[in-house]
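Structural features, examined
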Amino acid sequence: MEWGENSGKNPSLEWGKSSGKNPSLEWGESHGKATIIFEVRDTGAGIAEAEMPKLFEAFVQTETGNNSQEGTGLGLPISRKFVNLMGGDITVNSQVGIGTTFRFDIQVDIVSKEDIETQEHPRHVIALKPNQPRYKILIVDDRPTNRLLLIKLLQPLGFELKEAENGKQAIEIWDEWQPNLIWMDMRMPVMDGYEATQIIKGTIKGNATAIIALTASVLEEEKSIILSAGCDDFVRKPFRESIIFETMKKHLGVEYIYAEETPAKTTSELPNLTVEDLQVMPSEWLEKLYDAAKALDDDSILELIGQIPVEKSLLAEKLINLVNDFQFKTIRQLIESFRR
């Protein structure tokens, strides 16, 4: 696994062996336990020695961080806490003008293949069962491509859909249209999903509408905040279509017709992404995909995947698998191979 260039800092994380030179990931095992040591290196501005003591303090940023005008000063404290919870710690070495290396280790248990439970592949929804209400679904997200992902997923099944680009619009449409369910992005301009949800759920008729939060957060604390705002459930981005359908079934009682079950292809059984796969897409789309892969921007890549025509669904599936496996370098190199 490798992380590529990002914001001119070129961070990288590579897999290596403990016996090799300058390993970026080391692995040692003993008595059913293992220690994995990771290194994350960049070629950015570096951190001054005088700033090292406050590097892991919450809401404190170095001079480099202040100059970039990005972030809140929480990333490293949270990262250290997670590593601590897994029995390890983070250390840092840095030279101004040269770059920084973060190193951390975690303790893991060694398991055999027999101990790993294989998840059943979800069934593919192809239609709604007859004699059901015509469900009204409101999709709220400030990014048009994010809305398009859900529209392309739900519209072919016969759901009645409307969309809004912020919480204020969502409230207006909800009040007039009374949807059965709202897919609510939580972070938007004008009015975010938290405030919109509180306003809707603060009314008697609002309790008849299920509100499902869409969030990129992986923190359990965020889940509690979302539910306390009034959301009935939440789904993390990037989502799988099976999760969308199961969540709607849970809250609306929707019944589906599924495709005939066939042995599912695992990620390893899918054919590899090829140059020929990518060349069917427009050059402008490929340039955007290249830039997103270079910046490690999985959200933008997933938005671009949402623009792939339905008849090229295998291409979308291959790209999604690469994104889920953090194989941004593979995407970048394939595009580079025919740009030369």
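Look up a bit, the structure's there.
What this report covers is the structure whose coordinates are included nearby. (Residues numbered from 1 in each chain as written. Predicted model: local features only at pLDDT ≥ 70, side-chain atom pairs only at ≥ 80, totals over all residues. Heavy atoms only, no water.)

Turning our eyes to something else, we now look at the packing of helix 9 (residues 283–294) against helix 10 (residues 298–305). Contact geometry for helix 9 and helix 10: axes closest at 8 Å, N-to-C directions at 155°. Between helix 9 and helix 10, the angle falls in the class roughly antiparallel. The element helix 9 and its partner helix 10 pack so that their crossing is left-handed. Along its contact with helix 9, which presents W285, K288, L289, A292 and A293, the element helix 10 presents S300, I301, L304 and I305. Broken down by class, the residue content of the contact of helix 9 with helix 10 amounts to 7 nonpolar, 1 polar and 1 charged. (Axes fitted to C-alpha atoms, helices over the stretch in contact; angles between N-to-C directions. Helix = DSSP H or I, 4+ residues; strand = E, 2+ residues; numbered from the N terminus. Parallel < 35°, antiparallel > 145°, perpendicular 65-115°, else oblique. Left-handed = near helix turned anticlockwise from the far one by under 90°. Contact = heavy atoms within 4.5 Å. Nonpolar A, V, L, I, M, F, W, Y, C, P; charged D, E, K, R; others polar.)

With that out of the way, let us pick up the sheet that holds strand 8 (residues 181–185). Within a beta sheet, neighbouring strands are joined by backbone hydrogen bonds and run either parallel or antiparallel to one another. Strand order in the open sheet formed by 5 strands is 7-6-8-9-10, and the pairing between neighbours is parallel. Here the strands that pair on one side only, and so sit at the sheet edges, are strand 7 (160–164) and strand 10 (233–236). Across the sheet, the axes of successive neighbouring strands diverge by a mean angle of 20°, strand direction being ignored. Bridge analysis of strand 6 (residues 136–140) against strand 7 gives 5 bridges, and the strand direction is parallel. (Pairing = 2+ DSSP bridges.)

Another aspect to go through is the packing of helix 9 against helix 12 (residues 328–337). Interhelical geometry of helix 9 versus helix 12 gives an angle of 140° and a closest axis separation of 9 Å. Considered as vectors, helix 9 and helix 12 are oriented oblique to each other. Note on packing geometry: the crossing formed by helix 9 with helix 12 is left-handed. Packed against helix 9, whose contacting residues are L286, L289, Y290, A293 and K294, the element helix 12 presents F328, I331, R332, I335 and E336 at the interface. Residue classes in the contact of helix 9 with helix 12 are distributed as 7 nonpolar, no polar and 3 charged.

All told, the structure shown has 17 salt bridges when counted by the stated rule. When the shortest N-O distance is used, the salt bridge between D109 and K33 registers 2.6 Å. Placement of D109 in strand 4 (residues 99–109) and of K33 in strand 2 (residues 33–42) is noted, with a sequence separation of 76 residues between them. Residue class for D109 comes out exposed when judged on its relative accessible area of 51%. According to the relative accessible area criterion, K33 is partly exposed, its value standing at 47%. Here the salt bridges do not stand alone but share partners, grouping E39, R41 and R103 into one network. (Salt bridge = Lys/Arg side-chain N within 4 Å of Asp/Glu carboxyl O. Buried < 20%, exposed > 50% of the residue type's maximum accessible area, 1.4 Å probe, protein only.)

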